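An overview of the molecular structure
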Amino acid sequence: MLKYILRRIILAIPVLLGVSIVSFMIISLAPGDFLDSYRLNPAVSADQVKNLEKRFGLDKSPVVQYFIWLKNILKGDWGDSFTYQIPVWDLIWRRVGATLLLSITTFIFTWGIGIPLGIYAALHQYSLGDQIVGVIGFIGLSIPNFFFALLFLFFAAKTGGKIFPVGGYISLGYDTFPAWKKFLDILWHVLGPMITLGTSGLAGTMRVMRGQLLDELKQDYVEFARAKGMPENVVIYKHALRNAINPIITALGFSISGLLGGAVLTENVFGWPGMGQLIIEALLQQDIFVIMADIMLASVLLVVGNLIADILLAAVDPRVRLRLG
Amino acid sequence: MKKFLVLLFVLVTALAVFADTVDWAIEDVAGKPGGTLFLSTTSGPKTMNPAWAQETSSTDIIGWVLDTLVHSSNKGLAELPGLAKEFSAKVTEDGKTVYTYVLRKGLKWSDGQPLTVDDVIWSFEKIWFDNDMTANGNAGYMDSNDALPTIKKVDDYTVQFIYNSKFRRGHESIGWTEILPKHILEPYYKEGKFKEAWSLADLKSVVSSGPFVLKTYKEGVRVVLEKNPYYYRKDKNGVQLPYLDQIVYVIVKDLNTERLKFEAGETDIYSPTAEEFPEIRAMAEEKGWVVRQGGPNLGSNFVTFNFNAKDPVKRKWFRNDNFRRAIAYAIDKQTLIDVLYNGLGAALYGPVSPSSGFYNPEVENLGFRYSLARAKRELKKGGFVLKGGKLYDADGNPVKFELTTNAGNNVREEIGNILKENLSKLGIDVNFAPMQFNALVGKLVATGDWEAVIIGLTGSVDPASGWNVWRLDGGLHFWNYSPEVKPKMFDDALKADYVVPEYEKRIDEIMRLQVSAVDKDELHKLFDEFQMLVAEHQVLVYTVAQNYLIAYKKSVHIYNPDPNPAAGVLWAGWNIWKDQ
């Protein structure tokens, strides 16, 4: 097993290198650069733009820029953000907390509700409950996140911000609250973006769970177990469910890569101070090093997430374990 | 002996107190102290370092914290005292210009350290006058010979900036520059780390000379500013200003949310779009809002034609005055104002905004109002022929060109659509294709591979801040770059065909002359002529600008008789107070 993990990690290095080359290439292919807003600013002279190009290293060819970037990374320097003039990791770490809070609560919301609902729907196939759950799930899936977010905020504003807050991360009086109230205040604010993001994930999780469980329930071994007089609960929860859960665990691995990816549109609408906001700004301003750091972070998480998913799969499925051994 | 000691002690304390007195600036207001003003912004500051701050999201906050020698009037003119209680400009007999600033006594930074003339000198010598220390460079401080002034410390409170030539923009350039705290920033400077000073990672060391101090900043969430206890202003009842205890900027990424927050009462001031304005006005009574409308905004959108387009036939049209005048006649400004701004806007005829003190209303009398008949007449004068609904030039080439703008800018896209429609009625075939902003900038300033474009630039009260646009060697003279400035844009044929019209030469000359026009009348005359030249020849074909729109709670008392886009609603913000 350890050997397997080690091999996977070594194999990840050329993958990450490839990702960095391709992304750097795409960023360079995009027209213009960070200094374009300076170029159209009447207060900045052409000489000063040249001066800045040199300072930011934007006067060199993309290939040279890439190798300088790579060389600096090997030395542990990921570069400074052009806009903020501070190291990119410094910038990203500042946003990690809010993004993690949102993605973890969303994760709990989606899976905590989606899996039980999926099981319920499978066990009561074609019942009224199944239909209702399905319809609600599909509504959540079909409304675009940003629109759902706006509807949510509109509702919050019309009710005077008493039931749900009108976006944001903390209340106006946050600074005067005692510690427990500060904690609850943030949780209250996370509800909006969490529900917005969660509803779209919910339907997916639910339908996959439902379909998988239904498939398993039709298998011969289930019939066999039932025929042998095994209690229904044991048949369903110990045997069928365990086999049905495989694709959900694979999806879990992927969702680890999404933990820090953030949800750009939803974060923007709710004014949630996570990484999504930072990245969209960096993209608009072509703040290269911030974009690159974010892409690399997402790639590493994807690699790690897949690895974790495989290990988890091995844990639940003996067939996989055998293959890995 | 004891009595004497007591007397001495009293005398010394009295002297100490006396030495500590501030040269207060007295404001003609009477409000009540206390309260918090809640504002919304779509983006938080990127840095608190004024030399590296670019976006208004940063400079707006810095404006509360770092004071300047001279303040702007609510018309945007440099004429009110700030850190300097007195300031003047004099031209000496030998043609030098001396700018003198007398600092108030007893000024202090928010950490209690005195703010002295040494801070002023350090800021300019080490930072602002050094091209490598700032993002914008030091060109703004230079006279017409590209020379910086020398700095002279006259006494502990007086400093002089001496130019070797006649120079008129000192109070705008020097007077409006933030003074930096030497005692805090010198260590960074010496280590070569000035650029990183007061970045997000280093906000603890920010000190203030303005009405407010940066208290907390949580990125993406909010900025909290707190009253500076050492601020040098009092109201007429002797109450030290600012009135407000705090200003909180709530960071709201989405404009719709910004409005929802205002409607829910969470923020105090809101700038509605023209589209929302009637709705907001209708709700104002019931919600307890004040709704106001100011003059047109300073920025503007204009159509510009490439005098050096790759196609020799097309550049001949674009250089033709009659052609551009015809375009000006074909722009239906009133419809644009109605469609884009709900009628809340103004037509522009020249390069200076009607909100500026330098505006020359004469440009309106040139008569470039919407009229297709006049446009046709103008085209005829220019040698064009209308045949079978299509326009041809004197050589029989059908008139058609490409028009572009940056995609995503609704106003510019709408202008393009309406213009295309109107020009088709003149027999001109316009291919309107907006493109991505960065691609457009590349074409404008690097390759020169474009025909016509709708674009805007940041405007300001003083036309001279557009020198980079109007001078022949300017970095933004994109419709007619000279081959010296942009050699890459010109092949030999184009270079041979490069022409500078007389009016361009004169505009260039005016832009150089105005720098030394210390005399106000002389300056106004020059700028009047400049505006007339641009408008008469429609060098750039100006369109429309939206009016400055603002809504705020009745409980907020804003001491600003006339919210002008040049200064904004928060002008003299230390006077703002709020019913508790």
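Quantities reported herein were computed from a predicted structural model and do not represent experimental measurements. (Residues numbered from 1 in each chain as written. Chains lettered and ligands numbered in written order. Predicted model: local features only at pLDDT ≥ 70, side-chain atom pairs only at ≥ 80, totals over all residues. Heavy atoms only, no water.)

Counting its secondary structure elements, chain B contains 17 helices and 25 strands. For 580 residues, the compact-globule estimate of 2.2 N^0.38 gives 25 Å, and chain B sits close to it at 27 Å. Seen through its principal axes, chain B has C-alpha atoms that stretch 110 × 65 × 45 Å. Relative to its full complement of 580 residues, chain B shows a buried share of 57%. Across chain B, the fraction of contacts at a sequence separation of at least 24, relative to all contacts at a separation of at least 6, is 69%. (Helix = DSSP H or I, 4+ residues; strand = E, 2+ residues; numbered from the N terminus. Rg over C-alpha atoms; globule rule 2.2 N^0.38 Å. Buried < 20%, exposed > 50% of the residue type's maximum accessible area, 1.4 Å probe, protein only. Contact = heavy atoms within 4.5 Å.)

Time to look at the UniProt feature "domain: Solute-binding protein family" (unreviewed entry) in chain B. Here the UniProt feature "domain: Solute-binding protein family" (unreviewed entry) sits at residues 81–465 of chain B. Across residues 81–465 of chain B one finds 29% helix and 23% strand; the C-alpha atoms that close the span lie 22 Å apart. (UniProt positions renumbered as here; feature names shortened; annotations may be inferred.)

The next point concerns the packing of helix α1 (residues 2–29) of chain A against helix α14 (residues 288–316) of chain A. Residue and element names in this part refer to chain A. α14 packs onto α1 with a crossing angle of 150° between their chain directions and a minimal axis gap of 10 Å. Comparing their axes, α14 and α1 come out roughly antiparallel. The handedness of the crossing between α1 and α14 comes out as right-handed. Together, Tyr4, Ile5, Arg8, Ala12, Leu16, Val19, Ser20, Ser23, Phe24 and Ile27 of α1 and Ile288, Ile291, Met292, Ile295, Met296, Ser299, Val300, Val303, Asn306, Leu307, Asp310 and Ile311 of α14 make up the contact between the two elements. Split by residue class, the contact of α1 with α14 holds 16 nonpolar, 4 polar and 2 charged. (Axes fitted to C-alpha atoms, helices over the stretch in contact; angles between N-to-C directions. Parallel < 35°, antiparallel > 145°, perpendicular 65-115°, else oblique. Left-handed = near helix turned anticlockwise from the far one by under 90°. Nonpolar A, V, L, I, M, F, W, Y, C, P; charged D, E, K, R; others polar.)

Let us now look at the UniProt feature "transmembrane region" (unreviewed entry) in chain A. Residue and element names in this part refer to chain A. Using the residue numbers shown here, the UniProt feature "transmembrane region" (unreviewed entry) corresponds to residues 9–30, 100–123, 135–157, 186–209, 244–265 and 288–316. Secondary structure content for residues 9–30 is 95% helix and 0% strand, while the C-alpha to C-alpha distance between its ends is 32 Å. In this annotation, residues 288–316 is assigned 100% helix and 0% strand; the end-to-end C-alpha distance for the span is 42 Å.

Residue and element names in this part refer to chain B. Judged by pairing direction, the sheet is antiparallel, and its 4 strands sit side by side in the order β5-β6-β8-β7 without closing on themselves. Two strands in the sheet have a free side with no partner beyond their single neighbour: β5 (84–91) and β7 (150–153). When strand polarity is set aside, the average angle formed by the axes of neighbouring strands in this sheet is 15°. Of the pairings in the sheet, the one linking strand β6 (residues 97–103) to strand β8 (residues 158–163) comprises 6 bridges and is antiparallel in character. The partner of Val98 across the bridge, within β8, is Ile162. (Pairing = 2+ DSSP bridges.)

On to the side chain of Thr105 of chain A, then. Residue and element names in this part refer to chain A. With respect to the helices and strands, Thr105 occurs in helix α5 (residues 88–123). With relative accessibility at 15%, the residue Thr105 sits in the buried group. At 3.0 Å, the side chain of Thr105 and the backbone oxygen of Leu102 are in polar contact. When near neighbours in sequence (up to four residues on either side) are disregarded, Thr105 contacts Val190 and Met194. (Polar contact = N/O pair within 3.5 Å; in protein donor to acceptor, adjacent residues only side chain to side chain.)

Okay, the pairing of strand β23 (residues 544–553) of chain B next. Consecutive side chains of a regular strand alternate in pointing toward one face of the sheet and then the other. All names here are of chain B. In terms of burial, β23 is a largely internal element, 10 of the 10 residues being buried. Sheet topology places strand β13 (residues 269–270) next to β23; 2 bridges connect them, and they run antiparallel. Across the sheet, the residue bridging to Tyr270 is Ala551, located in β23. Judged from the 6 bridges that link them, strand β14 (residues 289–296) and β23 form a sheet pairing that is antiparallel. Residue Arg292 lies in a different strand from β23, and its bridge partner there is Ile550.

What follows concerns the sheet that holds strand β20 (residues 429–432) of chain B. Two orientations exist for strands paired in a sheet by backbone hydrogen bonds: parallel and antiparallel. Residue and element names in this part refer to chain B. The sheet built from 5 strands is open, its strands ordered β20-β19-β21-β15-β22 with mixed pairing. Pairing within the sheet leaves two strands with one partner each, and these edge strands are β20 and β22 (541–542). As defined by bridge partners, strand β15 (residues 300–305) adjoins strand β21 (residues 452–457) across 6 bridges and the pair is classed as antiparallel. Residue pairing across strands places Phe305 opposite Ala452, the latter belonging to β21. Along the sheet, helix α12 (residues 410–425) contacts β15, β19 (400–404), β20 and β21; its crossing angle with β20, the most-contacted strand, is approximately 160°.

Across the contact, 52 residues belong to chain B and 46 residues belong to chain A. Summed over both sides, the interface of chain B with chain A buries roughly 4,300 Å², with 55% coming from carbon and sulfur. In this structure, the connection of chain B to chain A is made through 5 salt bridges. Note that Asp175 of chain A and Arg222 of chain B form a salt bridge whose closest N and O atoms lie 3.8 Å from each other. Seen at the junction of chain B and chain A, the total is 15 residue pairs in polar contact (both at pLDDT 80 or more). Taken together, the elements giving at least two residues each to the side of chain B that touches chain A come down to β10 (222–227), α6 (255–263), α13 (437–447), β21 and α14 (467–470) of chain B. Tallied by class, residues from the side of chain B that touches chain A come to 22 nonpolar, 17 polar and 13 charged. (Buried area = accessible area lost by both parts, 1.4 Å probe. Salt bridge = Lys/Arg side-chain N within 4 Å of Asp/Glu carboxyl O.)

To continue, consider the pairing of β7 of chain B. Residue and element names in this part refer to chain B. Both β7 and β8 contribute to a ladder of 4 bridges, which runs antiparallel. Paired with Lys153 across the bridge in β8 is Val159. The antiparallel hairpin formed by β7 and β8 contains 4 residues in its connecting segment.

Below, the discussion takes up helix α8 (residues 179–217) of chain A. In this model, α8 of chain A (39 residues) spans only 49 Å end to end at C-alpha, well below the 57 Å of a helix rising 1.5 Å per residue. The largest bend in α8 of chain A comes to about 35°, at Leu191 of chain A, with the proline Pro193 of chain A one to four residues further on. (Expected span 1.5 Å × (residues − 1). Bend = angle between axes of the 7 residues up to and from the residue.)

The subject of this paragraph is a positive patch on the surface. Residue and element names in this part refer to chain B. A contiguous patch of positive charge, built from Arg369, Arg374, Arg377 and Lys381, is present on the exposed surface. In this structure, Arg374 sits in helix α11 (residues 372–381). Relative accessible area serves as the criterion here: at 36%, Arg374 is assigned to the partly exposed category. (Patch = residues over 30% accessible without salt bridge, like charges linked within 9 Å, V, L, I, M, F, W, Y side chains within 5 Å. Areas by Shrake-Rupley, 256 points an atom, 1.4 Å probe, with all protein chains shown as cover. Lys, Arg positive; Asp, Glu negative; His and termini not counted. Charge placed at Lys NZ, Arg CZ, Asp CG, Glu CD.)

Applying the stated rule across the entire model yields 49 aromatic pairs over all chains. Here the aromatic rings of Phe129 of chain B and Phe161 of chain B are separated by 6.4 Å at their centres, their planes lie at 80°, and the arrangement is edge-to-face. Placement of the pair is Phe129 of chain B in the loop between α3 (117–128) and β7 and Phe161 of chain B in strand β8, with a sequence separation of 32 residues. Exposure class is identical for Phe129 of chain B and Phe161 of chain B. Each is buried. Feature note: the residues Phe24, Tyr66, Phe67, Trp69, Trp78, Trp89 and Trp93 of chain A constitute an aromatic cluster, connected by ring pairs. Of note, Lys105 of chain B hangs over the ring of Tyr157 of chain B, and the distance from its end group to the ring centre comes to 5.4 Å. Its guanidinium or amino end placed over the ring of Trp52 of chain B, Lys195 of chain B lies 5.6 Å from that ring's centre, counting from NZ or CZ. (Phe/Tyr/Trp six-rings, centres within 6.5 Å; stacked < 30°, edge-to-face > 60°. Lys NZ or Arg CZ within 6 Å of the ring centre and 35° of its normal.)

Once that is clear, we can look at a nonpolar patch on the surface. All names here are of chain A. On the surface, Phe146, Phe147, Leu151 and Leu265 cluster together into a nonpolar patch covering about 380 Å² of accessible area. Top element by residues in the nonpolar patch is helix α7 (residues 145–158). It accounts for 3 residues. Overall, the relative accessible area of 41% leaves Phe147 in the partly exposed class.

Residues and elements named next belong to chain B. By the element assignment, Asp67 lies in the loop between α2 (56–65) and β3 (70–72). Buried charge without a partner: Asp67 forms no salt bridge, and the closest opposite charge is Arg233, 5.5 Å away. At a separation of 2.6 Å, a polar atom in the side chain of Asp67 contacts the side chain of His71. Excluding residues within four positions of it along the chain, Asp67 makes contact with Leu83, Thr177, Glu178, Ile179, Ser209, Gly210, Tyr231 and Tyr232.

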